[in-house]
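Commentary on secondary and tertiary structure
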Amino acid sequence: MTHIAVLRGDGIGPEIVEEGLKVLRAAATRFKLDLTFTEALVGGAAYDATGHPLPDATRSLCEGADAVYLGAVGGPKYDKIPDPNLRPERGALLPLRKILGLYANLRPAVLYPALASACPLRADKVVGGFDILVVRELTGGLYFGQPKGWEGDRAVDTCVYTKEEIVRITRVAFESARRRPRKSVMSVDKANVLETSRLWRTTVEEIAKEYPDVTLTHMLVDACAMALCKNPQQFDVILTENLFGDILSDEAAELTGSLGMLPSASLGAGGKGLFEPSHGSAPDIAGTGKANPLATILSGALLLRYSAGAEEAAVAIEQAVERVLGDGFRTADIAGADAPGVLNCTQMGDLVVKYVTNPN
Ligand code: NAD
């Protein structure tokens, strides 16, 4: 049984999570999965109801769950909360990451052939689309190393990595690559300059020996930033440290041109995970039915893959999304001039459910 804590959050969060849940339930029925869903308040909605963006009840629900399925938090109303520790992102998302011990962030950047025109690159460079998975280390590197701070006119950040941190993220990348058709990992570092990158490279090479079926190559981060814009199709899984991953995952995401299409997974100790769309709460379109639920639906597929061990069901959801797009259906944010009709959030969710339930 997989216990899922469901946190809808703010803005479009409730609408997109509703569609995500419908799709997860349809997949559970078809593949006979034992999933339980328990809802709790988070973000601004929780602050309004209880005075805190991550109330104790939500905290303990997440501690006991196998996976957390999150919509989005925040909105203009909550930016004005005087105590910054009670604002949704700082008061809910950061503690949630800590509680779940999240150390790996997985951001698929998929350019579906049907949406190729949304890509900012020249069309001839992305014929057939691309499918990149960025695996970013979340706990180490320059963001957390000590010493850190200001000393008069001097400021210091320290980049630290331990072998153990590199080993566990490397395993996530190789396990992920193993499930993908191309089975290849590109490890990105700056080993020509940084000591932490040298440790990174030797450790990755050591762990790679456990995965003879997966191909490993290395690339320097500056070369990778260029290669992503020049030939994104060469990449399968990109494995990298915290700062480089922060930048490269945004660059890869931008190449898909569709914020409403980008799922994410963050994995913690013992297979626990947080699954959420990469976008925010989109307060400008909340309640209008214009929200694209596909990023949330695809995050549900990642939940099934990484926290429920249900690969077949995950693939069925991903294929249903691809089919919906291939058949020309669009929400407003991804509708080009040639789209036959624009669906609202609920209609898009219903269509994915239909294709998951009956793929033929
Ligand atoms: P945003 O991602 O919410 O929206 C950016 C633009 O993209 C908006 O025009 C929005 O309408 C559109 N958009 C986003 N998701 C969409 C979807 N699924 N379908 C259709 N259009 C979509 O970013 P923002 O406007 O900078 O932030 C809004 C709020 O969200 C802020 O309060 C911010 O702090 C919060 N936020 C939360 C998270 C999170 O919960 N993890 C992440 C980022 C931002």
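Residues numbered from 1 in each chain as written. Predicted model: local features only at pLDDT ≥ 70, side-chain atom pairs only at ≥ 80, totals over all residues. Heavy atoms only, no water.

With the rule as written, the count across this model stands at two aromatic pairs. Geometrically, the ring pair formed by phenylalanine 174 and tyrosine 211 is tilted, given 5.2 Å between the ring centres and 35° between the ring planes. Highlighted residues: phenylalanine 174 in helix 6 (residues 163-178) and tyrosine 211 in the loop between helix 7 (195-208) and strand 9 (215-220), separated in sequence by 37 residues. Looking at phenylalanine 174, the relative accessible area reads 0%, which means it is buried. (Phe/Tyr/Trp six-rings, centres within 6.5 Å; stacked < 30°, edge-to-face > 60°. Helix = DSSP H or I, 4+ residues; strand = E, 2+ residues; numbered from the N terminus. Buried < 20%, exposed > 50% of the residue type's maximum accessible area, 1.4 Å probe, protein only.)

With an omega of 0°, the peptide bond running from glutamine 146 to proline 147 counts as cis. Phi angles above zero are rare outside glycine, and lysine 183 is one such case at about 50°. Along the polypeptide, lysine 183 turns up in the loop between helix 6 and strand 8 (184-189). Even without being glycine, alanine 282 reaches a positive phi, approximately 40°. Here alanine 282 is to be found in the loop between strand 12 (273-277) and helix 10 (294-307). Assessed through its relative accessible area of 22%, alanine 282 is described here as partly exposed.

With that settled, consider the sheet that holds strand 11 (residues 263-267). Strand order in this open sheet of ten strands is 2-1-3-12-11-4-5-10-8-9, and the pairing throughout is mixed. Of all strands in the sheet, those with a lone pairing partner are strand 2 (35-40) and strand 9, marking the two edges. Neighbouring strand axes in the sheet, compared pairwise and without regard to direction, differ in orientation by 20° on average. Here four bridges tie strand 8 to strand 10 (residues 237-240), and the two strands are oriented parallel to one another. In the sheet register, valine 188 faces strand 10, and the bridge partner there is threonine 240. Contacts between helix 10 and the sheet are confined to strand 1 (2-9), strand 2, strand 3 (67-72), strand 4 (104-111), strand 5 (130-137), strand 11 and strand 12, with strand 12 contributing the most and set at about 160° to the helix. (Pairing = 2+ DSSP bridges. Axes fitted to C-alpha atoms, helices over the stretch in contact; angles between N-to-C directions. Contact = heavy atoms within 4.5 Å.)

A word on the side chain of arginine 136. Its location among the elements puts arginine 136 in strand 5. Once residues within four sequence positions are removed from consideration, arginine 136 is found in contact with Tyr103, Ala104, Asn105, Tyr143, Ile169, Thr240, Glu241, Asn242, Gly245 and Asp246.

A few words now on the domain arrangement of the protein chain. Split into domains, the protein chain comes out as domain 1 (1-102 + 262-360) and domain 2 (120-255). With centres defined by C-alpha atoms, the gap from domain 1 to domain 2 works out at 25 Å. Where domain 1 abuts domain 2, roughly 520 Å² becomes buried across the two surfaces, and 61% of that area is made up of carbon and sulfur atoms. Looking at the side of domain 1 facing domain 2, the largest losses of area belong to Leu102, Leu262 and Tyr306, adding up to 58% of the total buried there. Here domain 1 and domain 2 share one salt bridge between them. One salt bridge connects arginine 179 with glutamate 311, and the closest N-O pair in it is separated by 3.7 Å. Across the domain 1-domain 2 interface, the total number found is one residue pair in polar contact (both at pLDDT 80 or more). Counting residues per element, the ones that place at least two in the side of domain 1 that touches domain 2 are strand 11 and helix 10. Residues that form the side of domain 1 that touches domain 2 fall into these classes: four nonpolar, one polar and two charged. (Domains from an automatic or database assignment. Buried area = accessible area lost by both parts, 1.4 Å probe. Salt bridge = Lys/Arg side-chain N within 4 Å of Asp/Glu carboxyl O. Polar contact = N/O pair within 3.5 Å; in protein donor to acceptor, adjacent residues only side chain to side chain. Nonpolar A, V, L, I, M, F, W, Y, C, P; charged D, E, K, R; others polar.)

A few words on the environment of leucine 111. Relative to the helices and strands, leucine 111 resides in strand 4. In this structure leucine 111 comes out as buried when scored by relative accessible area, which is 2%. With 93 residues separating them along the chain, leucine 111 and valine 204 place their C-alpha atoms 28 Å apart. Residues within four places of leucine 111 in sequence aside, it is in contact with Ala116, Cys119, Val126, Gly129, Phe130, Leu255 and Thr256.

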